[in-house]
Structures are given as structure tokens and as C-alpha cells.
Amino acid sequence: MEENKKNENALPEEKVKSDENVTPEKDVESEENAEIKADVKKEEKTEKKKKAKKKGLTSTILLIVIFLVGLCILLYPSVSNFWNEKRQSQAIMNYNDLIADFTPEDFQAHFEKAEEYNRKLRLISEPFLGYSEISDEYYSVLDINGNGMMGYITIDKIKVQIPIYHGTSDNVLNSAVGHLEGSSLPIGGENTHTVLSAHRGLPSAKLFTNLDELVVGDIFTLTILDRTLTYQVDQVIVVLPEEVNELYVENGEDYCTLVTCTPYGINTHRLLVRGTRIENIEEGKKVNVITDAYQVDPLIVTPAVAIPMLGGLLIFLIVKSSKEKKKNQSLQKEKKKNENK
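As the structure is a computational prediction, the values presented were derived from the model and not from experiment.

Visitor: Describe the pattern of salt bridges, naming the residues involved and giving the relevant values.
Guide: Considering all chains together, one arrives at seven salt bridges under this definition. The salt bridge partner of E250 is R274, with a shortest N-O separation of 3.7 Å. Of the two residues, E250 sits in the loop between β6 (227–239) and β7 (254–262) while R274 sits in strand β8 (residues 269–278), which places them 24 residues apart along the sequence. What makes E250 partly exposed here is its relative accessible area of 36%. The network of salt bridges with shared partners includes D234, E250 and R274.

Visitor: Describe in detail the environment of D143, supporting the description with residues and values.
Guide: On the secondary structure map, D143 appears in the loop between α4 (135–138) and β1 (149–155). With 23 residues separating them in the primary sequence, D143 and H166 have C-alpha atoms 8.4 Å apart. Sequence-distant contacts of D143, that is, excluding residues within four places in its chain, are made with G148, M149 and H166. Here G146 takes part through its backbone nitrogen, which lies 3.1 Å from a polar atom of the side chain of D143. For D143, the side chain forms a polar contact with the main-chain nitrogen of N147, separated by 3.3 Å.

Visitor: Tell me about a nonpolar patch on the surface, and name the residues and values.
Guide: Together, L57, I61, V65, V69 and I73 line one region of the surface with nonpolar side chains, adding up to about 460 Å² of accessible area. Position of V65 among the secondary structure elements: in helix α1 (residues 2–99). The exposure class of V65 is partly exposed, given its relative accessible area of 41%.

Visitor: Let's hear about the side chain of S183: which residues, and what values?
Guide: Assignment of secondary structure puts S183 in the loop between β3 (177–179) and β4 (192–197). Reaching out from S183, the side chain makes a polar contact with the side chain of H179 at a distance of 3.1 Å.

Definitions and cut-offs
Residues numbered from 1 in each chain as written. Predicted model: local features only at pLDDT ≥ 70, side-chain atom pairs only at ≥ 80, totals over all residues. Heavy atoms only, no water. Salt bridge = Lys/Arg side-chain N within 4 Å of Asp/Glu carboxyl O. Helix = DSSP H or I, 4+ residues; strand = E, 2+ residues; numbered from the N terminus. Buried < 20%, exposed > 50% of the residue type's maximum accessible area, 1.4 Å probe, protein only. Contact = heavy atoms within 4.5 Å. Polar contact = N/O pair within 3.5 Å; in protein donor to acceptor, adjacent residues only side chain to side chain. Patch = residues over 30% accessible without salt bridge, like charges linked within 9 Å, V, L, I, M, F, W, Y side chains within 5 Å. Areas by Shrake-Rupley, 256 points an atom, 1.4 Å probe, with all protein chains shown as cover.

Distances and angles like these do not, on their own, reveal function.
Here is the structure:
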């Protein structure tokens, strides 16, 4: 009986000892789970930081790309026009260098061929339709260097000096002035009417963009070989593309008509600026009219306006991106505090 009582009394002690043996094992498991969870959270935070950093870098690169693309778009017209004007100037220099070696006999031979062509053209009743009858001669006349350049036009009022080439193909009109086949070759003389055409509004070249600024009384010149032909504007009209009555030769007259599309950007009509031949004006007798407003070259204006605008836009986007990044970091910190609580 006594032994049984002892055993009964011993049972709780063994139970206590058993409980004491189990508790540390559970604590170890809990600690291990806590460490695993902490490691997982740490890895998640590291991964989030990497993603945030990568996102920030991507945003910065995107902003820089947008900035550069915008800058290129805004600068393209000015840079392209500058490049085209340099090419035109080089073509004119090469032309002048070439004719510097010509003799009076060389010039005379070229002008005689051009006069003969104009004479044959006058015999055609509809020259703008029937010029093909003598087209075999056309491209060889006044082509002294083999590239089709006849000479160049100078319009001081709108500050252009542009080479003149045979024909009005796209290749010619995209960068220079084209001579309209069917009209007289640009050598002047009675019973001649030269027609010269060029684009306006091209982003890559100025050409005849400002031709509408010419008014009656303005002057322009053609330089063909060793001759300078001076014309004074006597008529400015707008016609439909198919209306060519104003382009025909008139008896006893020496005309040169400049043609371009109008209205600007719509191009449904043609602007005709006609000049009548006058005596050449000596350099000392030229009158320079000073306007009330000074016109700054677009090559200077466009970058001056575009760069600050794009720079401001870039700064705005960077600041905005930085603020969003700080806001996200602040939200993450608050979230972390709430989780710890």
C-alpha cells in the first residue's frame, strides 16, 4: 500500500519532468521558424530594393531618351537647313572656281547653244507640252560641270543664294531651285521667259519658304556663267497649278518668274513672282532698307528656345520621379512599423 502511494506521489513529478523535457524542443522550433521568417522577409526586402533601384534606373534612362529624341526633333529643321546651305554654298564656290578658268570664247560657245535652244523653243506652239521635241539638247546646254547646275539665284531680301539645276525632279527640288522645262533657258534677252521653281516649308531647306515676302519693286539676280542678270519684281499673283498662261513668252520682254506652292503647308495653288529685266545695279548704289524689327536666324532661335524647354522638362520629370521614390520609401517604412507593432 505504501509503495502504491509512493508511486502515486511520483507520477506528478515525472509528468513535470516530462513537460520540462518537451518545452525546450518547442522553443527551438519556434526560434528556427522565426529565423526562417526573418530571412524570408530580409530576402523580400532585398528583392524589393533591387526592383525599386532597377525601376528608378529604367525611368532615368527613359527620361534621357525622351529628352534626346525631343531635342533631335526640335533641332532637325535648323541643323538640316544649316547643312543644306553649306552644301549650296560649296556648290556655288565650285561653280565659280570652274568658270574662273574659262576663256571668253568658252563663254560665248555656251551662250550660243543656249540661245539656239531658246530660238527652237519659241517655234513650238505649246512649249510646256511639246518641249520633248528638243529635250535631247536640253540637259547638255549650260551644264558646264556635268551635274546639271546652270548657275545660281540670289534674293537679298529673303537672304538666299541657291544653285539652279536643269529640270524640276524631286532630287532637284528637295535641295535647290529647278528650271522648268518648256520655259526659256536663263540667259536673258528679248522674247524670253525663264521659270524657276523651288519648294517652301521643307524642314530640311529654306529655299523659297519666304518668297511671299517679295513685293513689286524688289530685286533678285541670276548668275549664269560670267553674266549677272538683274530682275525687278513687277507682278505677284496666285494661280491654280494648271494655269500657265502667265508663264508664256511675251514679245519684246525679258521675264523671269519664280514659282512656289501656296498657301503655306496647304499647297493647293501656286505663287508666281515675276521679274522684268533691268540694268545691273552697282554695289555702291544698292539701298539697304532697315526694318523696324530685327529677324534672328532660326538656326539660333530654335536651339535657344528648345534647349531650355527640354532642360526644364527633364528637370521636372527627374524631380517628380525622385519625389515618387521618396514617397514609396516612406510608405514602406510606415508599413514596416505597422508590421513590427
